[in-house]
Amino acid sequence: MAQAIVIGAGFGGMAAALRLRARGYDVTLIDKQDKLGGRAYQYNRNGFIHDAGPTVITAQFLFDELFELFGKKRQDYVEFRDLYPWYRIQFADQSTFDYGGTLEQTLLEIQKIEPDDMQGYLDLLEHTRRIFDIGFVQLGDKPFHTLGSMLRCTPDLIRLENYKTVAQMTHQYIRNEKLRRVFSFQPLLVGGNPFNTTSIYSLIAYLERQWGVQFAMGGTGALVRALGRLMQEQGIDVRLNTEAQHIQIRQGVVRGVRTESADLSADVVVCNADAPEAYLSLIAPEYRRGIAPRRIHSMKYSMGLFVLYFGTRRLYPQIAHHTIILGESYQELIERIFDRFELETSDLSVYLHRPTCTDPSMAPSGCESFYCLVPVPNLQSNINYDRIGPFLRDATVRYLEKTCLPGLSECICEDFYVTPPAFSEKFKHPARFWF
Ligand SMILES: Cc1cc2nc3c(=O)[nH]c(=O)nc-3n(C[C@H](O)[C@H](O)[C@H](O)COP(=O)(O)OP(=O)(O)OC[C@H]3O[C@@H](n4cnc5c(N)ncnc54)[C@H](O)[C@@H]3O)c2cc1C
């Protein structure tokens, strides 16, 4: 049987391992961490369960497919619950917009703010449908790694106005400033700047409209465990606490992977570790295809995040599962983070996750689990996060207390935070960036 090695047991690596197994390969999956999941790590601190990273599921069929490859049903392994709203957006004047649900529900919310934008939203949705059809259905699995492959796609992409940014495209259809923010923040979910990310990323809005937003009961960690069980049943050899040190290539052909303790031979190697880091440290210079370290270091990277995980010794039933709390300045804040690498500590815009809204078992009885994502400059800035961490923690608590969680400083418990350098160290991303 042909041998395959997959490096990295995040969602990408687990999916690759399962797909190779379904094609008949003998698969070994290795990861340097002690648990499966990569960025979808899960912490359990005295009964407060926190997913470290991803929690929003927008394309559930991609997970279902992994189980169907082996004649199984995802529902028998992990339950997905539909959310409403998908996100609550809270503006600086405390007014809110519940985004999601049926088309009618979204139109009603738009009507409350600006009835004239209802038609604009429908037109925007139609545009994102066309982007989805080409950008996801037709091109989603096409490689863009050569000039030829890029040129072949260019006419389609130009027809979709990919030269416009997400913000420009949204502003073309929506006039109200609050609604412009509601329908253009999505690139921030994947670390992108809506003011310079290509409008192709607007397909996220269509994905949400088409399939809704779900949450895995037990948290994303439960989904990771479900995939772990499936891999075990299918005989995939999972090796944790195992770091790949080198991808062995001879005469242009991959031969295997060297780890601290063994040389593993393989016919196929899939590396789903962070790509820039893999080029820098796992592939010999002569096989980097001209991707020099200088180029990797000077590339433009997404923002970083400061994440505060915490519990509360009281309930906050009025808080939605996903809330985006926007400050006064929005474009200005994004420019400061992405372009000027400046840290803002008072007029924040943050994302607040309250999993206990959907699954109360994620905290002890009478308590809540939360995490709060604060977008910050990435590691291309010179910010000393070790020094500033405690200050950011206090600023975040104060901001949440003022905007949505009254009394937080009296009832907060089990809190801890992760800074961009800590993420970089944990997930083996280069020291310059994080997401
Ligand atoms: C705070 C946060 C919130 C997010 N929210 C969402 C969300 O709600 N919805 C969503 O869809 N996405 C979200 N994302 C993005 C999502 O988490 C990632 O896109 C996804 O998890 C990436 O999976 P991956 O398998 O490609 O990489 P990773 O999860 O980063 O996995 C890579 C793995 O490779 C391992 N590795 C690296 N180098 C080596 C080596 N040399 N040897 C062995 N192993 C190695 C690492 O330990 C890691 O486990 C979020 C991300 C973060 C950080």
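Small disclaimer: the values here were computed from a predicted structure and weren't measured. Residues take numbers from 1 onward in each chain, read along the sequence in its written order. The predicted nature of this model means local features are confined to residues of pLDDT at least 70 and side-chain atom pairs, given and counted, to a pLDDT of 80 or more, with totals for whole chains, interfaces and linings taken over all residues. Side-chain figures throughout are based on the complete set of non-hydrogen atoms in the structure, without hydrogens or water.

1. Details of the site of the ligand
Note the threshold: Throughout this document, a residue counts as near a molecule or strand when at least one of its heavy atoms sits within 4 Å of that molecule or strand. Pairs of N or O atoms within 3.5 Å make up the polar contacts considered here, provided that, within protein, one atom can donate a hydrogen while the other can accept it, and that residues adjacent in sequence are counted only when both atoms are side-chain atoms. To be clear on the numbers: accessible area is Shrake-Rupley with a 1.4 Å probe, and residue cover counts the displayed protein chains and nothing else. Secondary structure follows DSSP: runs of H or I at least 4 residues long count as helices, runs of E at least 2 residues long count as strands, and numbering of each begins at the N terminus. How far each domain reaches was decided by an automatic or database domain assignment.
The environment of the ligand is made up of 29 residues, and the closest members are G12, D31, R39, V56 and A244. Taking D31, its side chain carries an N or O atom lying 2.6 Å from an oxygen atom of the ligand. Between the ligand and N272, the relevant distance is 3.0 Å, taken from an oxygen atom to a side-chain nitrogen or oxygen of the residue. Across the complex, the protein chains shield 84% of the 1,000 Å² of accessible surface that the ligand would expose by itself. At the level of elements, α1 (11-22) and β17 (368-376) are the ones that each hand at least two residues to the shell around the ligand. For the shell around the ligand, the leading source of residues is α1, giving three residues. Split by domain, the shell around the ligand shows at least three residues from each of two domains, domain 1 (3-55 + 219-296) and domain 3 (302-427).

2. A few points about helix α3 (residues 103-113)
For the record, the criterion: Here's how the labels work: a residue is buried when its accessible area is under 20% of the maximum for its type, exposed when over 50%, partly exposed in between, all with a 1.4 Å probe on protein chains only. Arc definition: it is the arc formed by the directions from the helix axis to the C-beta atoms. Only heavy atoms enter the contact rule, under which two residues are in contact if any of them lie within 4.5 Å.
Here α3 has its buried residues at T106, L107, E109 and I110. Along the long axis of α3, the arc covered by the buried residues comes to 160°, so they all point the same way. Exposed residues on α3 whose side chains face more than 90 degrees from its buried face are E104, L108 and K112. Looking at the buried residues of α3, the elements they touch are β7 (96-99), α4 (117-138), α7 (177-182) and α8 (203-211).

3. A closer look at the domain arrangement of the protein chain
Our working definition: Take the accessible area each of two parts loses on contact, using a 1.4 Å probe, and add the two losses: that sum is the buried area. One side-chain nitrogen of Lys or Arg within 4 Å of one carboxyl oxygen of Asp or Glu is enough to make a salt bridge. Note that Gly is not counted as nonpolar here; it falls among the polar residues with everything else outside the nonpolar set of Ala, Val, Leu, Ile, Met, Phe, Trp, Tyr, Cys and Pro and the charged set of Asp, Glu, Lys and Arg.
Looking at the assigned domains, one finds that the protein chain contains domain 1 (3-55 + 219-296), domain 2 (82-86 + 98-215) and domain 3 (302-427). Counting from both sides, the interface comprises 14 residues of domain 2 and, opposite them, 18 residues of domain 3. Of the roughly 1,400 Å² buried between domain 2 and domain 3 on both sides combined, carbon and sulfur atoms contribute 73%. Taken together, the links from domain 2 to domain 3 amount to zero salt bridges. Counting across the domain 2 and domain 3 interface gives one residue pair in polar contact (both at pLDDT 80 or more). Looking at side-chain class alone, the side of domain 2 that touches domain 3 contains nine nonpolar, four polar and one charged residues.

4. Describing unusual backbone geometry
Most peptide bonds take the trans configuration, and most residues that are not glycine carry a negative phi. In this structure, P85 follows Y84 across a cis peptide bond, with omega equal to -10°. Positive phi is not limited to glycine here, since Q94 has a value of about 75°. Topologically, Q94 is positioned in the loop between β6 (87-90) and β7. Of the residues examined, Q94 reaches a relative accessible area of 44% and is grouped as partly exposed. Of note in the backbone geometry, F341 takes a positive phi value of approximately 50° without being a glycine. By the secondary structure assignment, F341 is in the loop between α12 (331-338) and β16 (350-353).

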